[in-house]
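One letter stands for each residue in the lines below.
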Amino acid sequence: MPRIAVFGGVYANPYALRALLDDARERGCDGLYCLGDLGGFGAECDAIWPLLLEHEVTTLAGNYDVAIGRGDEDCGCGYADARDDAFAQLMYDHTRAHTSAPFAAWMAGLPGELRCEIGGVDVHMVHGSPLAINDFLWESLSDEELALRVRASGAQLLLCTHTGIAWERAVEGTRIVNVGAVGRPANDGRTEVRYAVIDLERSVVERVELVALAYDWRAQAASMRASGLPEPFVETIETGWWTTCLEIVPPRERARGAFHVYRDALPQLDAAAAGWADAVVAADDERPVVSLFSSPLFPPRLWVYSNFHCNLACDYCVVASSPGARRRELSAERFFALVDEAVREGFGEIYVTGGEPFVHPQIAAMLEYASDRLPTVVLTNAMLFTGRRRAELARLAERPGLTLQSSIDGARAATHDRWRGAGSWAKAIDGLRVAAELGLPLRVAMTQTPDNRDEVAQLRSLLEQLGITGDAFAVRPLVARGFAAGAAAPGAIEVSDAVMVPELTISADAAHWHPVGADLDSCPDFLVARGEVSLAEAKRRVIERFLELRQADGSLPDAFRCAV
């Protein structure tokens, strides 16, 4: 049974190449094939050539090799973004300066593809794809896009590289194997690099193994640093995360990485736009790229719907809560697990909302658990602070990490009650007095309606009597979601995931893009993932979707003032 080793993207990394050649021989590989891109990224370009010759590696030309062989001014990598191109040019200039004339001449004579029969299997080897040497054959390409490349080949087995991320699957009877890159990690947080070992026999691809290869990455990093290559390139070798040339990477693949956009793409958001919390500022670590999560584009604020049933049925409720709403109650155990995971995943605060959280029988224990671990805000209508609940509130008042946030929608009962129900204003004011007497930190938001636009100053004065002053009072817009959808709430603003910064929200039903869209019935477009899903996976899906929306028109969304 013929067994072959296929690799690409050597990227001037002789340490990984030596490890691969040893590993392939130990695995009993009969043939060694390199799909090109011998230089770039690493420092020791000329160290690659003797290894390929010594081990009789059948080698194709990648776009890098064609460019070096011809003496081109750039690598021809196929990037479309100016920032990607700038980093690619840095590496190409280094490669040109450190590649000897004999090696360049040898590269100029390499074939651009190889079509052969191995073990009775029709094999087609290319660098990018059968369409072009610098075509990016990503796993996330649509079935139509993949089929287009398969038909251009017609082989049983299509082998490629160029993207730097290994994958394999069958498309219209052709086995596609992207062998990844042996010179650079696969943007997965691991220092290992990838290559493919393939068994072929009796006209069948018997087995494909995408090998994670350990090598002396410390020596590669030291070599790059000693050569004066930029630190972001060295960091990729040391951490396994890509820090350059990101814009070419599709949303699905990019969302798996640690970094997602260039730093200079981050908008300058008003601090008040992010809520009462401090404005999110990306870490100033001198990297050219940042993670979306924990940036102004994806604040590290976790929203949790404890339940959806409520003692009120407010006319503008974005999630259609009411006394008769489907409960969708999170168990305390599930809530505790979410809090623990939020800490591990780097969230900086938790907002607990509903429904009315204080109708949940275990809300006090839940808020204690959360506020012991992260700053916690609970959103409540403040109308239930009597009897047992008043005693629980007194217990919670001793917790420095807990803030109580309520809604008062006018300086007069008539204004407030028109939207939230008869008698609700008086009960809410009484509840705030109880909480203030207990010493709980308080905040109040007024949802702007057609009836209360002229009462902001009056309400501010009223709240000052309860110790709610300054930026502890804010006004938020009416949103056309839930009960306020359509013409039900005149003046309500339209929102969507395309124009809103995500704030990951968890309910008993699902993970959602934003708390204003956490009701599956009225806001299915805000769904991120149904059922219980890890916060890590929910974050990844949010990032992927954000990148898809952003790439549609190149714009970036604004923060919506939900928490204020």
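Look up: the structure comes first, before these words.
Our subject in this report is the structure included herewith. From a predicted model like this one, the values you see are computed outputs, not experimental measurements.

## Remarks on the overall build of the chain
1) Next: Each helix and strand counted, the chain has 16 helices and 21 strands in total.
2) Next: For the chain, the residues scored as buried account for 58% of the 564 residues in total.
3) Next: Contacts in the chain between residues at least 24 apart in sequence constitute 70% of all its contacts with a sequence separation of at least 6.
4) Next: Looking at the chain as shown, the accessible area adds up to about 21200 Å², and 49% of this sits on carbon and sulfur atoms.
5) Next: With 53 positive and 79 negative side-chain charges, the chain shows a separation of 6 Å between the mean positions of the two kinds.

## Topic: the sheet that holds strand E5 (residues 121-126)
1) Next: Across the sheet, which stays open at both edges, the five strands sit in the order E4-E5-E6-E8-E7 with mixed pairing between neighbours. With one partner strand each, in any of the chains shown, strand E4 (113-118) and strand E7 (167-171) form the two edges of the open sheet. Neighbour to neighbour, the strand axes of the sheet diverge by 20° on average, direction disregarded.
2) Next: In this sheet, strand E8 (residues 174-178) lies alongside strand E6 (residues 157-160) in parallel orientation, the contact comprising four bridges. Note that in E8 the partner of Leu159 across the bridge is Val177.

## Side note on the sheet that holds strand E2 (residues 31-34)
1) Next: Sheet architecture is open: five strands sit in the order E3-E2-E1-E9-E10, paired in mixed fashion. At either margin of the open sheet sits one strand with a lone partner, and together these are strand E3 (58-59) and strand E10 (204-213).
2) Next: One ladder, built from two bridges, connects E2 with E3; its direction is parallel. Paired with Cys34 across the two strands is Thr59, which belongs to E3.

## Considerations on the environment of Gly40
1) Next: Here Gly40 shows up in the loop between E2 and helix H2 (48-54).
2) Next: A sequence separation of 441 residues divides Gly40 from Arg481, and the C-alpha atoms of the two residues are 51 Å apart.

## Description of the state of the cysteines
1) Next: Evaluated as defined, the whole model comprises one disulfide.
2) Next: Two residues share a disulfide in this structure: Cys75 and Cys77, whose sulfurs sit 2.4 Å from each other. Taking the sign of the S-S torsion, -135° for the link of Cys75 and Cys77, the bridge is left-handed.
3) Next: Residue Cys77 is classed as buried on the basis of its relative accessible area of 8%.
4) Next: With no disulfide partner, Cys245 has as its closest neighbouring cysteine sulfur the one in Cys77, 7.3 Å distant.
5) Next: The buried category is assigned to Cys245, whose relative accessible area is 9%.

## Considering the packing of aromatic side chains
Two descriptors summarise a pair of aromatic rings, namely the distance from one centre to the other and the angle between the planes of the rings.
1) Next: If you walk through the whole model with that rule in mind, you get 16 aromatic pairs.
2) Next: An aromatic cluster is defined as three or more aromatic residues linked by ring pairs; in this entry it consists of Phe41, Phe87, Phe233 and Tyr262.
3) Next: Above the plane of the ring of Tyr15 lies Arg18, whose end atom (NZ or CZ) is 5.7 Å from the centre.
4) Next: Sitting over the ring of Trp242, Arg184 keeps its end group 3.9 Å from the ring centre.

## Digging into the side chain of Asn63
1) Next: Tracing the sequence through the fold places Asn63 in helix H3 (residues 63-70).
2) Next: Side-chain polar atoms of Asn63 contact the side chain of His162, separated by 3.2 Å.
3) Next: Once you skip the residues sitting within four places of it in the chain, Asn63 turns out to touch Asp37, Cys75, Gly76, Cys77, His127, Ile133, Asn134 and His162.

## Topic: the pattern of salt bridges
1) Next: Evaluated as defined, the whole model comprises 45 salt bridges.
2) Next: Salt-bridge contacts for Asp519 lead to Arg328; the nearest nitrogen and oxygen are separated by 2.9 Å. Taken as a pair, Asp519 in the loop between strand E20 (510-512) and strand E21 (527-530) and Arg328 in the loop between strand E13 (301-305) and helix H10 (332-344) lie far apart in primary sequence, 191 residues in all. There is no split in this pair, since Asp519 and Arg328 are both buried.

## Description of the packing of H3 against helix H5 (residues 101-108)
1) Next: At a closest axis distance of 8 Å, the pairing of H3 and H5 adopts a crossing angle of 120°. By the angle class used here, H3 and H5 are oblique. Along this stretch, H3 crosses H5, giving a crossing that reads as left-handed. Contacts between H3 and H5 involve Asp65, Ile68 and Gly69 from the first element and Ala104, Met107 and Ala108 from the second.
2) Next: Of the residues assigned to the contact of H3 with H5, the class counts are four nonpolar, one polar and one charged.

## Observations concerning the environment of Ser371
1) Next: Locating Ser371 in the fold gives a position in helix H11 (residues 363-373).
2) Next: Using a relative accessible area of 10% as the deciding quantity, one classes Ser371 as buried.
3) Next: For Ser371 and Val177, which are 194 residues apart along the polypeptide, the C-alpha to C-alpha distance reads 49 Å.
4) Next: A distance of 2.7 Å separates a polar side-chain atom of Ser371 from the backbone oxygen of Leu367.
5) Next: Reaching out from Ser371, the side chain makes a polar contact with the backbone oxygen of Glu368 at a distance of 3.4 Å.

## Here's the deal with the packing of H3 against helix H4 (residues 82-97)
1) Next: Remark: H3 packs on H4, axes separated minimally by 11 Å, with the N-to-C direction vectors making an angle of 50°. When the interaxial angle is binned, H3 and H4 end up oblique. Handedness of the crossing formed by H3 with H4: right-handed. Of the residues in H4, those in contact with Tyr64, Ala67 and Ile68 of H3 are Ala88, Met91, Tyr92, Thr95 and Arg96.
2) Next: Here the contact of H3 with H4 is built from residues that sort into six nonpolar, one polar and one charged.

## Quick look at unusual backbone geometry
1) Next: Phi angles above zero are rare outside glycine, and Arg202 is one such case at about 50°.
2) Next: Within the element layout of this structure, Arg202 appears in the loop between strand E9 (193-201) and E10.
3) Next: Since its relative accessible area comes to 61%, Arg202 is described here as exposed.
4) Next: Positive phi is not limited to glycine here, since Ala382 has a value of about 65°.
5) Next: Residue position: Ala382 is located in the loop between strand E15 (376-379) and helix H12 (387-396).
6) Next: Among the residues examined, Ala382 registers a relative accessible area of 1% and is labelled buried.

Procedures and definitions
- Residues numbered from 1 in each chain as written.
- Predicted model: local features only at pLDDT ≥ 70, side-chain atom pairs only at ≥ 80, totals over all residues.
- Heavy atoms only, no water.
- Helix = DSSP H or I, 4+ residues; strand = E, 2+ residues; numbered from the N terminus.
- Buried < 20%, exposed > 50% of the residue type's maximum accessible area, 1.4 Å probe, protein only.
- Contact = heavy atoms within 4.5 Å.
- Areas by Shrake-Rupley, 256 points an atom, 1.4 Å probe, with all protein chains shown as cover.
- Lys, Arg positive; Asp, Glu negative; His and termini not counted.
- Charge placed at Lys NZ, Arg CZ, Asp CG, Glu CD.
- Pairing = 2+ DSSP bridges.
- Axes fitted to C-alpha atoms, helices over the stretch in contact; angles between N-to-C directions.
- Disulfide = S-S within 2.5 Å.
- Phe/Tyr/Trp six-rings, centres within 6.5 Å; stacked < 30°, edge-to-face > 60°.
- Lys NZ or Arg CZ within 6 Å of the ring centre and 35° of its normal.
- Polar contact = N/O pair within 3.5 Å; in protein donor to acceptor, adjacent residues only side chain to side chain.
- Salt bridge = Lys/Arg side-chain N within 4 Å of Asp/Glu carboxyl O.
- Parallel < 35°, antiparallel > 145°, perpendicular 65-115°, else oblique.
- Left-handed = near helix turned anticlockwise from the far one by under 90°.
- Nonpolar A, V, L, I, M, F, W, Y, C, P; charged D, E, K, R; others polar.

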